[in-house]
Amino acid sequence: MYLKSVELANFRNYESLKIKLMPGINVFYGENGTGKTNIIESIYCTAMGRSFRSSEEAILVKQGRTAFSIALNAVENGIERDFTVDYDSSIRKKRVAINGNRAARLSQVVGKLPVVLFSPENIMMIKGEPSQRRRFLDDMLSQFEEEYFETLGKYLKEVAHRNYLLKGIREGRVKRENLPVWNEQVMNNGVKIILSRVKAVEELNLMLEKELASEKFRVHIAYSSKHYSNYDEKALKENFRSHFLSRTEDEITRAATLIGPHRDDLEIFYNGLDAKNFASEGQQRITSILIKLAEGLLMKKKKGSFPVVLLDDFSSELDEPNRGFIGKKFSLFKQILITTTYRENLRGFDPAGEFEVAGGVVKTK
Amino acid sequence: MYNYPQKLQKLINEISKLPGIGPKMAERVSIHILKKDVEYIDNFKEILEEIKTLGFCTICFNVSEGPVCDICADDGRDKSIICVVESSEDVITIERTGKFRGYYHILQGLVNPLNNVLPENLRIAELIKRIGKDPVKELILALNHTVEGDATSMFISAMLHDDDNNVITTRLAKGLPMGSDIRYADEITLGQAILERKQV
């Protein structure tokens, strides 16, 4: 899939913008704070139903305005589809539509316009908290399977209900008899999520080994949890049940559900070593890029179409030979949108479209 | 800064407390009422006054004029089957289908711990009691397919199970809407419809 055009109205610093994109590499260059990332953000928002920079939609509206709109035209096998997002901050309503047909649920949109985002924050997947690694898996799986997105939403709500019950029990407001039903719900959806994630990690590893490994870099991922290591449905449920039997007192004291996919993590290895503790900053960056590339290739396999690659703030941090290696891997995709401060950062790339961004105006070069 | 006269502000504030009505809509509704003549407002007042006499059926907890609602008072319905719903609106919706001839039980909500709604705050105990008395063979749980609807269904079936009776519980099937084109059905609904398919 590739994007043919992007139209924005009152989105971030753009009052009105219309650009035509090309298959291949599209480069947006310009100084910091001119609005390059806003273009990438608008595409991500349409694809994922939310921004990667803010959870507050009202922030995306241009200052002094009350509503924004995004319209994308995407082409897949010669078939054009229109994706639109309209948000009105005065009524806090967002409408998302494909070919003018409004989606009733966000899960009906997520995954229809597959994207892979590379941003400087990707490195936090290595350096950061477990929540950032879970988020990576959840965002990817939500695009793969509509059902994952729904199940995850349900699961997180069930955990919130259960935690509030635990708090109520601690304060003596709530009877313990309330717990078993919620244990069962949390277990059922929790196990579904774990199984999907474990399968996805296996598939990512396959991509990392087969398509992305080189003599210099070998990256491997492992799903990790404090509570279970046998990823079989029956064994997992057994783990949940025995946990709920033995740890409930502790859970009541802390008013928190202490088992489940919301507490799991990923271990990431660079050339056999734990990347978080033993890889240099540069190696961590390469590791995160390779994992995202694996995500992109896996998405192509699952969806049967190329995801649009969004490469935010591509900097010169990678040294020359690594840049060559990574650059070659990016050419496996059909369309790539890159933002960068200087054109020179992209030596060795051959852009099909070039755009100069300055103060909310985009000039096609 | 100028604002509406206080009396109007009070009305807007009260209306905005109604479910599904935000501050903008409350303003519109209030101004609309303001434009109407005295007769309209008197009539409105009277209607509000009248509903004070309404209450809930002591058997099924549907809205009712007397202690027993019209449905529970109807002897011609099928006593072996009770349809369990969240609220009185659902009764009207199911009645409109014309496909159900049993009795109802209105839970007056769904289990929702985050909003401090626990099973004991709903009419579940009354439901269990009814089952002990009436010749009930089946309970249809016509509850939403949401986290709260799922939990409520589980609570009810668990409590029935504890009571050791022969009542079967069923839930409404998830599936395709009538007249829909399967090509346009969302994946989850279509997937469910495949799982819950029926022999023809």
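The structure presented is a predicted model; accordingly, all values stated were derived computationally and were not measured. (Residues numbered from 1 in each chain as written. Chains lettered and ligands numbered in written order. Predicted model: local features only at pLDDT ≥ 70, side-chain atom pairs only at ≥ 80, totals over all residues. Heavy atoms only, no water.)

A. Molecular detail of the nonpolar core. All names here are of chain A. Core analysis: the biggest nonpolar cluster contains 63 residues, and Leu290 and Phe330 have the highest contact counts within it. Of all the elements, helix H5 (residues 179-210) adds the most residues to this core, at 11 residues. Those residues in contact with phenylalanine 330, other than ones at most four positions away along the chain, are Phe118, Ile289, Leu293, Val309, Leu311 and Ile336. If you look at the next biggest cluster of nonpolar residues, it comprises 41 residues, including Val61, Val115, Leu310 and Val357. (Core = buried A, V, L, I, M, F, W, Y, C linked by side-chain atoms within 4.5 Å. Buried < 20%, exposed > 50% of the residue type's maximum accessible area, 1.4 Å probe, protein only. Helix = DSSP H or I, 4+ residues; strand = E, 2+ residues; numbered from the N terminus. Contact = heavy atoms within 4.5 Å.)

B. Region of interest: helix H3 (residues 130-144) of chain A. All names here are of chain A. Between its terminal C-alpha atoms H3 stretches 21 Å, which fits the 21 Å expected from 15 residues at 1.5 Å a residue. Counting buried residues in H3 gives 11 out of 15 residues, a clear majority hidden from the surface. Taken together, the buried positions of H3 are Arg133, Arg134, Phe136, Leu137, Asp138, Asp139, Met140, Leu141, Ser142, Gln143 and Phe144. (Expected span 1.5 Å × (residues − 1).)

C. Summary view of the packing of aromatic side chains. All names here are of chain A. Within the structure shown, the criterion is met by 13 aromatic pairs over all chains. Look at phenylalanine 28 and phenylalanine 355: their rings are 4.7 Å apart centre to centre, the planes differ by 15°, and that puts the pair in the stacked class. On the criterion of sequence distance, the pair formed by phenylalanine 28 in strand S3 (residues 24-29) and phenylalanine 355 in strand S14 (residues 353-358) is long-range, its members being 327 residues apart. Note on phenylalanine 28: relative accessible area 0%, which makes it buried. Accessibility expressed as a relative area gives 1% for phenylalanine 355, which makes it buried. Ring centres 6.0 Å apart and planes at 15° place the aromatic pair tyrosine 228 and phenylalanine 240 in the stacked group. Within this pair, whereas tyrosine 228 is found in the loop between strand S9 (219-224) and helix H6 (233-246), its partner phenylalanine 240 is found in helix H6, the two being separated by 12 residues in sequence. Since its relative accessible area comes to 3%, tyrosine 228 is described here as buried. Site record: aromatic cluster; members linked through ring pairs are Tyr223, Tyr228, Tyr231, Phe240 and Phe244. (Phe/Tyr/Trp six-rings, centres within 6.5 Å; stacked < 30°, edge-to-face > 60°.)

D. Main features of unusual backbone geometry. Residues and elements named next belong to chain A. Although it is not a glycine, asparagine 10 adopts a positive phi angle of roughly 55°. Summarising the element assignment, asparagine 10 is placed in strand S1 (residues 2-11). For asparagine 99, which is not glycine, the phi dihedral falls at a positive 50°. On the accessibility criterion, asparagine 99 (43% relative accessible area) is partly exposed.

E. Focus on the environment of A:Thr34. Residue and element names in this part refer to chain A. By secondary structure assignment, the location of threonine 34 is in the loop between S3 and helix H1 (36-48). Each C-alpha atom of the pair threonine 34 and glycine 359 lies 4.8 Å from the other, and the pair is 325 residues apart in sequence. The residues touching threonine 34, leaving out its near neighbours within four places in the chain, are Asn13, Tyr14, Val357, Ala358, Gly359 and Gly360.

F. Quick peek at the pattern of salt bridges. Counted under the stated rule, the structure contains 33 salt bridges over all chains. Put simply, A:Arg105 and A:Glu150 hold a salt bridge, and the shortest N to O gap is 2.9 Å. Of this pair, A:Arg105 sits in the loop between strand S7 (101-102) and strand S8 (115-118) while A:Glu150 is found in helix H4 (residues 146-170), placing the two residues 45 residues apart along the sequence. The class of A:Glu150 is partly exposed, set by a relative accessible area of 26%. The salt bridge partner of B:Lys79 is B:Asp75, with a shortest N-O separation of 3.5 Å. Judged by relative accessible area, B:Lys79 falls into the partly exposed class, the value being 38%. Each of A:Arg12, A:Glu41 and A:Arg53 takes part in salt bridges that share partners, so that together they form one network. (Salt bridge = Lys/Arg side-chain N within 4 Å of Asp/Glu carboxyl O.)

G. Geometry of empty space enclosed by the protein. All names here are of chain A. Summed over the entire model, instances satisfying the criterion amount to one cavity of 30 Å³ or more. Taken as a whole, the largest cavity holds about 40 Å³ of empty space. If you go around the largest cavity, the residues you meet are Cys45, Gly49, Arg50, Ser51, Glu57, Leu60, Phe68, Val85 and Lys94. When the residues that make up the lining of the largest cavity are grouped by side-chain class, the tally is four nonpolar, two polar and three charged. (1 Å grid on protein atoms, 1.4 Å probe; cavity = no way out; pocket = protein on both sides within 12 Å on 5 of 7 lines; lining within 4 Å. Points joined across faces, edges and corners; volume = space filled by probe spheres on them. Nonpolar A, V, L, I, M, F, W, Y, C, P; charged D, E, K, R; others polar.)

H. Expanded view of the layout of surface pockets. One number sums up the size of the largest pocket: a volume of about 810 Å³. A:Lys154, B:His145, B:Asp150, B:Lys174 and B:Gln192 are, among the 26 residues lining the largest pocket, the residues nearest its centre. Taken as a whole, the second largest pocket spans an internal volume of roughly 560 Å³. Residue lining of the second largest pocket: 19 residues in total, with A:Lys112, B:Arg183, B:Tyr184, B:Ala185 and B:Asp186 positioned closest to the centre. At the level of elements, S7 of chain A together with helix H8 (187-195) of chain B are the ones that each hand at least two residues to the lining of the second largest pocket. Taken together, the residues of the lining of the second largest pocket break down into seven nonpolar, five polar and seven charged.

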